[in-house]
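Each chain is listed here by its residues.
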Amino acid sequence: MRHSKLVPEVNAGSMADIAFLLLIFFLVTATISSDEGINRLLPRECPPGMDCSSDINERNILRILVNNSDDIMIENQIVPIENLKDLTKIFLDNNGDGSCNYCQGLKNITLSDNPKTAVVSLLNGQRTTYKTYVAVQNELTKAYYELRKDYSMKVFRKPADKLTKTELQQVKEAYPFILSEAESK
């Protein structure tokens, strides 16, 4: 008896089809995370024929510059990023003109009049890293949110996440987020 050795063959033609179908299946069912970015509201467009520029008292502008080496400067003094939030809060909550009855500030005549007129001006160098840019934005946002949280506890005696829409709007009006990334004069 002679045994011929037949080698069974696997049809590899359909393997490519199966791999392709599995690839499509995983692409369709996989969730792709999306970055939300930095939440900022752009100013409204100026209507034609109107002058929308406004003169801002110099003491109401906190100038922050991030240079090409990622050094953070406030009013021409280099400061570590850890101090940025607290310096911003001091500037915003100053109450220099005495018109803010909820402010806890120092009433320093060289700092902002009140939170409604205070402007944080942020300029970045052309080679500022994205990591530093985001870190600075986070510190500035923390300063505003901490002031709003304190206001919410002082005025409404409840945390910000328990406020009604009307109360939340009042908190935002007390400490409006005014951040300018335009070059100031």
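Data block above holds the structure.
If you're wondering where the values come from, they're calculated on a predicted model, not measured in any experiment.

Asker: Where do I start with the packing of helix H3 (residues 130-155) against helix H4 (residues 165-174) in this structure?
Answerer: Packed helix pairs are characterised by how far apart their axes lie and by the angle those axes make with each other. It is at 10 Å that the axes of H3 and H4 come closest, and there the two elements cross at 125 degrees. The pairing of H3 with H4 is recorded here as oblique in orientation. In terms of crossing hand, the pair formed by H3 and H4 is right-handed. Between H3, through Arg-148, Tyr-151, Ser-152 and Val-155, and H4, the contact on the second element is made entirely by Gln-170, Val-171, Lys-172 and Ala-174. Looking at the contact of H3 with H4 residue by residue, the class counts come to four nonpolar, two polar and two charged.

Asker: I would appreciate a short explanation of unusual backbone geometry in the present structure.
Answerer: Backbone phi values are negative for most residues with the exception of glycine, while trans is the configuration of most peptide bonds. Positioned with a positive phi, Asn-76 is a non-glycine residue whose angle comes to about 65 degrees. Within the secondary structure layout, Asn-76 lies in the loop between strand S2 (72-74) and strand S3 (77-79). One non-glycine residue with positive phi stands out, namely Asn-95, at about 65 degrees. Mapped onto the elements of the fold, Asn-95 is located in the loop between helix H2 (81-92) and strand S4 (119-124).

Asker: Which parts of the structure should I look at to understand the packing of aromatic side chains?
Answerer: Pairs of aromatic rings are described using the distance from one ring centre to the other and the angle between the two planes. Overall, the coordinates contain seven aromatic pairs when judged by the stated rule. Plain terms: the ring middles of Tyr-102 and Tyr-151 are 4.9 Å apart, the flat faces sit at 75 degrees to each other, and that makes the pair edge-to-face. With Tyr-102 in the loop between H2 and S4 and Tyr-151 in helix H3, this residue pair connects regions lying 49 residues apart in the sequence. With a centroid separation of 4.2 Å and an interplanar angle of 25 degrees, the aromatic rings of Tyr-144 and Phe-177 are classed as stacked. Here Tyr-144, found in helix H3, pairs with Phe-177, found in the loop between H4 and strand S5 (179-180); they are 33 residues apart in sequence, far enough to count as distant. On the basis of relative accessibility, which here comes to 2%, the residue Tyr-144 falls in the buried class. Classification of Phe-177 as partly exposed rests on a relative accessible area of 26%. Ring pairing ties together the aromatic residues Tyr-102, Tyr-151, Phe-156 and Tyr-175, which thus form one cluster. Sitting over the face of the ring of Tyr-145, Arg-148 holds its NZ or CZ atom 5.7 Å from the ring centroid.

Asker: For this particular structure, what's the right way to read H2?
Answerer: Since the α-helix advances by 3.6 residues per turn, residues separated by three or four positions end up pointing in the same direction. When the terminal C-alpha atoms of H2 are compared, their 17 Å separation across twelve residues agrees well with the 16 Å that a helix rising 1.5 Å per residue should span. Taken residue by residue, H2 has Leu-84, Lys-85, Thr-88, Lys-89, Phe-91 and Leu-92 as its buried positions. Buried residues along H2 cover an arc of 165 degrees about the axis, so they all sit on one side. For H2, the elements touching its buried residues are strand S1 (61-66), S2, S4 and H3.

Asker: Would you mind going over the side chain of Asn-60 with me for this structure?
Answerer: Here Asn-60 is to be found in the loop between helix H1 (13-29) and S1. Reaching out from Asn-60, the side chain makes a polar contact with the backbone nitrogen of Asp-113 at a distance of 2.7 Å. Every residue in contact with Asn-60, bar those within four places of it in the chain, is listed here: Phe-91, Ser-112, Asp-113, Thr-117, Ala-118 and Val-119.

Criteria and cut-off values
- Residues numbered from 1 in each chain as written.
- Predicted model: local features only at pLDDT ≥ 70, side-chain atom pairs only at ≥ 80, totals over all residues.
- Heavy atoms only, no water.
- Axes fitted to C-alpha atoms, helices over the stretch in contact; angles between N-to-C directions.
- Helix = DSSP H or I, 4+ residues; strand = E, 2+ residues; numbered from the N terminus.
- Parallel < 35°, antiparallel > 145°, perpendicular 65-115°, else oblique.
- Left-handed = near helix turned anticlockwise from the far one by under 90°.
- Contact = heavy atoms within 4.5 Å.
- Nonpolar A, V, L, I, M, F, W, Y, C, P; charged D, E, K, R; others polar.
- Phe/Tyr/Trp six-rings, centres within 6.5 Å; stacked < 30°, edge-to-face > 60°.
- Buried < 20%, exposed > 50% of the residue type's maximum accessible area, 1.4 Å probe, protein only.
- Lys NZ or Arg CZ within 6 Å of the ring centre and 35° of its normal.
- Expected span 1.5 Å × (residues − 1).
- Arc of directions from axis to C-beta.
- Polar contact = N/O pair within 3.5 Å; in protein donor to acceptor, adjacent residues only side chain to side chain.

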